[in-house]
Every structure is written in structure tokens, then in C-alpha cells.
Amino acid sequence: YTSKKIKNSAHIFANEMQEGFLKNITMEQELRKAIKNNELFMVYQPQVDTQGNVFGVEALVRWNSTAFGKLVPPDQFIPLAEATGLMPKLGRLIFETACYDIAALEQELKRSLQISLNVSVRQFMDPLFLEDLLNILDKTDLHTLNITLEVTENLFIEELHYIVPLLEKIKSLGIQISMDDFGTGYSSLSMLRQLPIDELKIDKSFVYTIDKDETSAKMVQNIITIGKNLNMHILAEGVETQEQKELLTAFGCDRFQGYYFSKPLNKEALLAFLKSSAFYM
Ligand code: C2E
Ligand code: MG
Ligand code: MG
Ligand code: MG
């Protein structure tokens, strides 16, 4: 009986694995088509300072899939693009679209905005990464000073002798570096000290519990203290309530992003949002 049960569950497991496998193959094919058929688009989430002024936006990719009949979340297809070698190409498309969108918006508003771009590991490790980015900035007439690259701690599992000098080169060109989802990945405080990082982004999982759980609040407080001692900006992501915003401000956080201020917006909605609110040069 037991062995039969094990066999059965092994069988079910194999089926499930195969289903997952087939699902991924289908999704990979669909993603390739989606890139060609323009099913991907960008949304932009405002980032605000302590005065409530919008100083920048984070560019976030969306996939409105006709094949799946719904929006597929980036948490699903970015890892797939990473695993299947599609990422450098998809990453380039994302950067290009975001830069064109924001350049057009800046022209219309006669102001400049900081653009935060998420960089995946495989995209960053691509030998043409920096060259491609600089070409896009050139084409769109955007300044390096207005670009922030959001990297995650997972990047630092890769060859440090390649990553650190490249980050330094990027920084020397005026591009800002932000450490995304800080506190959730492979991290080392001593590494933080050696890296040319301008901004720490506190992950929304900490922000979410800050007003509910004292340990969480203490951790956030300490992260902020460390970051500020290293002369970094501290941006809290996933701020949803006024209480969270006030606590974070009291702890010394100087930048905010989250539904409390605005959800991610398509470019038309972002333009309307910015026209109706004060923001910086
Ligand atoms: P992330 O870079 O940490 O982005 C923040 C995520 O939090 C976004 O989810 C955003 O929509 C969501 N968010 C913002 N404010 C709030 C809030 O107040 N409450 C809650 N619950 N969520 C909030 P999204 O757009 O689904 O993206 C998920 C992840 O997918 C991103 O996390 C990033 O790792 C990846 N991703 C998204 N767009 C890109 C992209 O263009 N390139 C790359 N490489 N990765 C991307
Ligand atoms: Mg991000
Ligand atoms: Mg984040
Ligand atoms: Mg995150």
C-alpha cells in the first residue's frame, strides 16, 4: 500500500513537473511572440521626497498577453526571460521604451525626472550592457545624471571582479545606483561598504509590517541608520498608508514610493498625474 502510494504521488509529481515544464515552454514561445507583437508596455510609479514632490519614476514592465488573455506579472516572465537567454534583448527593449516615453514626457512638461530602471542579473552581465544603455541615452537625449539603475543583491553572487569595476565605471558616468529589495537577498554589510551605491530601497515586505511588528520596525530603523551613515538615500517601497509614511519619515527615510502616493501609471496617466502635482527639476 505504502509503496503504491509513493508511486502514485511520484507519478502525480512527475505530471506536475511536466505541466510546469510545458507551461514554461508555452510561456517562453508566447513571450518571444509578445516582444515582436508589441504586447509589452511600460508603467511608471512616482517616487517622492520628504516634501511630497515627485523627483522620479520607477519603470515597470507589463505584458498584456492575448494568448493567456490577461496581464502576466513580471515576477513570472522576467525570471523566465533570465533563464532562457531572452533577457538581454528584453532588457534593452524595456530601457529603450522607458527612455523614449520619459524623454517625450519631459519635453511636454519642460522638466526633467529621475528614471529608475530595474536591471536583472543576466542583463547586467551581458557584455554589451553599458554600451547599449549609453546608445539609448544618446538617441533619446537623456542625461546619465537622470538615470538610476536598480540592481538586486542577487547580482553579487556573480563575479565581483567583473561587477564592482563595472558599477564604478557606471557611477563615474553620473548614473546612480540603487540597491533594490534590500534585506531580502544575498547580502553582506561589509560588501555594502565597498560598493558605489547611492540609494538603498527598503523592500516592501519590511514596510508592510513596520507599523505592526516591533522587530520589523527596529530592523528598518537600523537599515536606515546604516545607509545614512554611508551617505546613501533611503527609499521605502510599497508605502500604502500615512502611518507607514510618518514612521519612515521619523526614522530618517528620505524617499518614498507606493500606492499611498500613486500606483504605477501608463505614460498618459503619468503625464496627467504630473500636470496636477508639483514636482522637481
Ligand atoms: P520591484 O523592482 O521591487 O518593484 C516594486 C514592485 O512593487 C512592483 O511590482 C510595484 O508595482 C509594486 N508596488 C509598488 N507600490 C506598491 C504598494 O504600495 N503595495 C504593493 N503591494 N506593491 C507595490 P511589479 O510591477 O509587479 O514588479 C515586480 C517585480 O518584477 C519588480 O520588483 C522587479 O523585480 C520585476 N520587474 C518589474 N519590471 C521590471 C523591468 O522592467 N525589468 C526587470 N529586470 N525587472 C522588472
Ligand atoms: Mg525595482
Ligand atoms: Mg523593489
Ligand atoms: Mg520588490
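Heads up: the structure comes first, above all this text.
In this text the structure is predicted, and so the values were computed from the model without any measurement. (Residues numbered from 1 in each chain as written. Chains lettered and ligands numbered in written order. Predicted model: local features only at pLDDT ≥ 70, side-chain atom pairs only at ≥ 80, totals over all residues. Heavy atoms only, no water.)

Side note on the nonpolar core
Inclusion rule: For the purposes of this section, nonpolar cores are sets of buried Ala, Val, Leu, Ile, Met, Phe, Trp, Tyr and Cys residues that join through side-chain atoms within 4.5 Å. Burial classification: accessible surface area is computed with a 1.4 Å probe over protein chains only, and a residue below 20% of its type maximum counts as buried, one above 50% as exposed, and the rest as partly exposed. It only takes one pair of heavy atoms within 4.5 Å for two residues to be counted as in contact.
One finds Phe-124 and Leu-149 to be the most contacted residues of the largest nonpolar core, which totals 81 residues. Sequence-distant contacts of Leu-149, that is, excluding residues within four places in its chain, are made with Phe-95, Leu-117, Val-119, Phe-129, Leu-133, Ile-170, Ile-175, Gln-176, Ile-177 and Ser-178.

Looking at the site of ligand 1
As a reminder of what qualifies: Nearness of a residue to a molecule or strand requires only that one of the residue's heavy atoms be within 4 Å of it. In protein, a polar contact means a hydrogen-donor-capable atom and an acceptor-capable atom, both N or O and within 3.5 Å, with residues adjacent in sequence counting only if both atoms are side-chain atoms; elsewhere, any N or O pair within 3.5 Å suffices. Areas reported here follow the Shrake-Rupley algorithm with a probe of radius 1.4 Å; residue values treat only the protein chains shown as occluding. Helix and strand assignments follow DSSP, with helices taken as H or I runs no shorter than four residues and strands as E runs no shorter than two, numbered in order from the N terminus. When residue character is reported, Ala, Val, Leu, Ile, Met, Phe, Trp, Tyr, Cys and Pro are called nonpolar, Asp, Glu, Lys and Arg charged, and the others, Gly included, polar.
Taken together, 22 residues are adjacent to ligand 1, and Arg-62, Asp-180, Asp-181, Glu-240 and Tyr-259 come closest. Within the backbone of Val-61, one N or O atom sits 3.2 Å away from a nitrogen atom of ligand 1. When isolated, ligand 1 has an accessible area of 800 Å², and the protein chains bury 86% of it. Counting residues per element, the ones that place at least two in the shell around ligand 1 are strand 2 (54-65), helix 2 (74-83), helix 3 (87-109) and strand 6 (176-182). Counting residues per element, the shell around ligand 1 draws most heavily on strand 2, at four residues. Residue composition of the shell around ligand 1, by class: nine nonpolar, five polar and eight charged.

Some remarks on the side chain of Glu-30
Position of Glu-30 relative to the elements: it lies in helix 1 (residues 2-36). With relative accessibility at 16%, the residue Glu-30 sits in the buried group.

With respect to the packing of helix 2 against helix 3
For the record, the criterion: Lines fitted to C-alpha atoms define the axes here, with helix axes fitted over just the stretch in contact, and angles between the N-to-C directions of these axes take values from 0 to 180 degrees. Put simply, angles under 35 degrees are roughly parallel, angles over 145 are roughly antiparallel, angles from 65 to 115 are roughly perpendicular, and the rest are oblique.
One can describe the packing of helix 2 onto helix 3 by two numbers: an axis separation of 7 Å at closest approach and a directional angle of 130 degrees. Looking at the two axes, helix 2 sits oblique to helix 3. Across from Phe-77, Ile-78, Ala-81 and Glu-82 in helix 2, the residues of helix 3 making contact are Met-87, Leu-90 and Ile-94.

With respect to the packing of aromatic side chains
The geometry of two aromatic rings is summed up by the distance between their centres and the angle between their planes. Defined as follows: For this analysis, a ring pair means two rings from Phe, Tyr or Trp (six-membered ring only for Trp) whose centres lie within 6.5 Å, classed as stacked if their planes differ by under 30 degrees, edge-to-face if by over 60, and tilted for the remaining angles. Whether a charge sits over a ring depends on NZ of Lys or CZ of Arg being within 6 Å of the ring centre and within 35 degrees of the ring normal.
Overall, the coordinates contain six aromatic pairs when judged by the stated rule. With 5.5 Å between their ring centres and 90 degrees between their planes, Trp-63 and Phe-77 make a pair best called edge-to-face. Of this pair, Trp-63 sits in strand 2 while Phe-77 sits in helix 2; the two residues are 14 residues apart in sequence, bridging distant segments of the chain. Between the aromatic rings of Phe-124 and Phe-129, the centroid separation amounts to 5.3 Å while the plane-to-plane angle is 45 degrees, which identifies the pairing as tilted. The structure contains a cluster of three or more aromatic residues connected by ring pairs, namely Trp-63, Phe-68 and Phe-77. Here the basic side chain of Lys-212 rests over the ring of Tyr-208, its NZ or CZ set 4.3 Å away from the ring centre. The ring centre of Tyr-259 lies 4.7 Å from the NZ or CZ of Lys-263, which sits over that ring.

Remarks on a nonpolar patch on the surface
Using the following cut-off: Patch definition: residues with relative accessible area over 30% and no salt bridge; like charges joined within 9 Å; nonpolar side chains (Val, Leu, Ile, Met, Phe, Trp, Tyr) joined within 5 Å. Each reported salt bridge corresponds to a side-chain nitrogen of Lys or Arg within 4 Å of a carboxyl oxygen of Asp or Glu.
Together, Leu-189, Ile-226 and Leu-230 line one region of the surface with nonpolar side chains, adding up to about 240 Å² of accessible area. For Leu-189, the location among the structural elements is in helix 7 (residues 189-194).

By themselves, these observations are geometric and do not establish any function.
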